[in-house]
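# Notes for the structure review
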Amino acid sequence: MGLPNIVAMDGPAASGKSTVAKILADRWGYLYFDTGVMYRAITWVALERGFSVEDEANVTALAETVSIDVNSPSIDDGRDYDVLADGKDVTWEIRRPEVDQNVSVVAAYPGVRKALTTQQRRIGLRGDVIMVGRDIGTVVLPEADLKVFLVASVEERARRRYLQRLDRGEDVEYPPILQGMKKRDKIDSTRDVAPLRAAEDAVIIDSDQMTIEEVVQKIETIARKKRYHD
Ligand code: DC
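Structural notes, computed from the coordinates. A quick note: this is a predicted structure, and the numbers were derived from the prediction, not measured.

## Observations concerning the nonpolar core
Counting residues in each nonpolar core, the largest one holds 57 residues, and the members touching the most others are Met9, Ile42, Ile130 and Ile219. Considering every element that reaches this core, the biggest residue donor is helix 2 (residues 36–48), with eight residues. Residues within four places of Ile130 in sequence aside, it is in contact with Val7, Met9, Ala21, Leu24, Ala25, Trp28, Tyr30, Leu31, Tyr32 and Phe33. If you look at the next biggest cluster of nonpolar residues, it comprises eight residues, including Ala14, Ala158, Ile177 and Leu178.

This is the structure we're talking about:
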């Protein structure tokens, strides 16, 4: 019995999907591709160039022209991959609070989604991939062999993000992180194009009371039980 060739892993911010996907991809020798970095990279370039993220036409033009690459890590500084925007390393820049605050607006623009979805689909169809995002199972790769939708309460997700930031040595407080997360959830799940939602054939896993390893185990069991086309 084989493994699923294409895995779609969706869910809200800090639901644990990236961590889980990374572990599984390493175990299976698959490509781990976190599509959120593409929306983040476009947001960072827009801010860097002094554009308002409200300027849909300019931001969309960026998504259509800026080249975003995700490569194996070139530096051993805790990163899982390098993110390059027009050749510049923006791996850490795209995690900054100003990107967090603005990325949902950028990700809601239909033209931005169209440009980035095309690239994501091309990468995903090569197979042996675990692709992570909000709309992978519904829009980007509806033919995925296995679709997982990870959920957790907003309080738990904010707590995880808060601890992650503390761990990185940042000076952070919990309440603004919780507020920011609620705001992003709302924009991501109510936008017109490709809103955050589980595909009808997705396996929904609530990770509130589970460790990362338990989630990984659960997905691995489901993945190995199913039969897939070659
Ligand atoms: O997963 P993340 O926090 O890095 O995602 C950043 C933003 O991009 C978030 O607002 C949701 C959006 N996003 C999306 O709309 N579709 C995806 N496939 C991935 C991310």
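There is more to say after this.
## With respect to the site of the ligand
Neighbouring the ligand are 17 residues, the closest being Arg40, Arg113, Arg134, Asp135 and Arg191. Here an oxygen atom of the ligand and a side-chain polar atom of Arg40 are 2.7 Å apart. The side chain of Ser104 places a nitrogen or oxygen atom 3.0 Å from an oxygen atom of the ligand. Counting only elements with at least two residues in the shell around the ligand, the list comes to helix 2, helix 4 (97–107) and helix 8 (174–190).

## Some thoughts on the pattern of salt bridges
Under the criterion given, the structure shown has 21 salt bridges. Among the ionic pairs, Arg113 bridges to Asp135, the shortest N-O distance being 2.8 Å. One end of the pair, Arg113, is in helix 5 (residues 110–124); the other, Asp135, is in the loop between strand 6 (129–133) and helix 6 (136–140), and 22 residues separate them in sequence. For Arg113, a relative accessible area of 3% puts it in the buried group. Given the relative accessible area of 2%, Asp135 is considered buried.

## Observations concerning the side chain of Arg191
Inspection of the secondary structure assignment puts Arg191 in the loop between helix 8 and strand 8 (203–206). Of note is the side chain of Arg191, whose polar atom sits 2.7 Å from the backbone oxygen of Ala194. Not counting the four nearest positions on each side in its chain, Arg191 is found in contact with Ala107, Ala108, Arg113, Arg134 and Leu196.

## Notes on the environment of Asp77
One can find Asp77 in the loop between strand 3 (68–71) and strand 4 (82–85). Judged by relative accessible area, which is 33%, Asp77 ranks as partly exposed. A distance of 2.8 Å separates polar atoms of two side chains, one belonging to Asp77 and the other to Arg79.

## Re the sheet that holds strand 3
Taken together, three strands build an open sheet; the order of strands is 3-4-5 and the sheet is antiparallel. Single-partner strands in this sheet number two, and they are strand 3 and strand 5 (88–89). Helix 2 contacts strand 3, strand 4 and strand 5 of the sheet and is inclined by roughly 130° relative to strand 3.

## A word on the pairing of strand 4
Judged by which residues are buried, strand 4 turns out to be covered on both faces: Asp82 and Leu84 on one side and Val83 and Ala85 on the other are all buried. As judged from the four bridges shared by strand 3 and strand 4, these two strands associate in the antiparallel manner. Residue pairing for strand 4: Val70 is matched across the bridge by Val83. Note: strand 4 against strand 5, two bridges, orientation antiparallel. Along strand 5, the bridge assignment pairs Leu84 with Asp89. What sits between strand 4 and strand 5 in their antiparallel hairpin is a turn of two residues, with Asp86 showing a positive phi close to 45°.

Conventions adopted
- Residues numbered from 1 in each chain as written.
- Predicted model: local features only at pLDDT ≥ 70, side-chain atom pairs only at ≥ 80, totals over all residues.
- Heavy atoms only, no water.
- Core = buried A, V, L, I, M, F, W, Y, C linked by side-chain atoms within 4.5 Å.
- Buried < 20%, exposed > 50% of the residue type's maximum accessible area, 1.4 Å probe, protein only.
- Helix = DSSP H or I, 4+ residues; strand = E, 2+ residues; numbered from the N terminus.
- Contact = heavy atoms within 4.5 Å.
- Near = heavy atom within 4 Å.
- Polar contact = N/O pair within 3.5 Å; in protein donor to acceptor, adjacent residues only side chain to side chain.
- Salt bridge = Lys/Arg side-chain N within 4 Å of Asp/Glu carboxyl O.
- Pairing = 2+ DSSP bridges.
- Axes fitted to C-alpha atoms, helices over the stretch in contact; angles between N-to-C directions.

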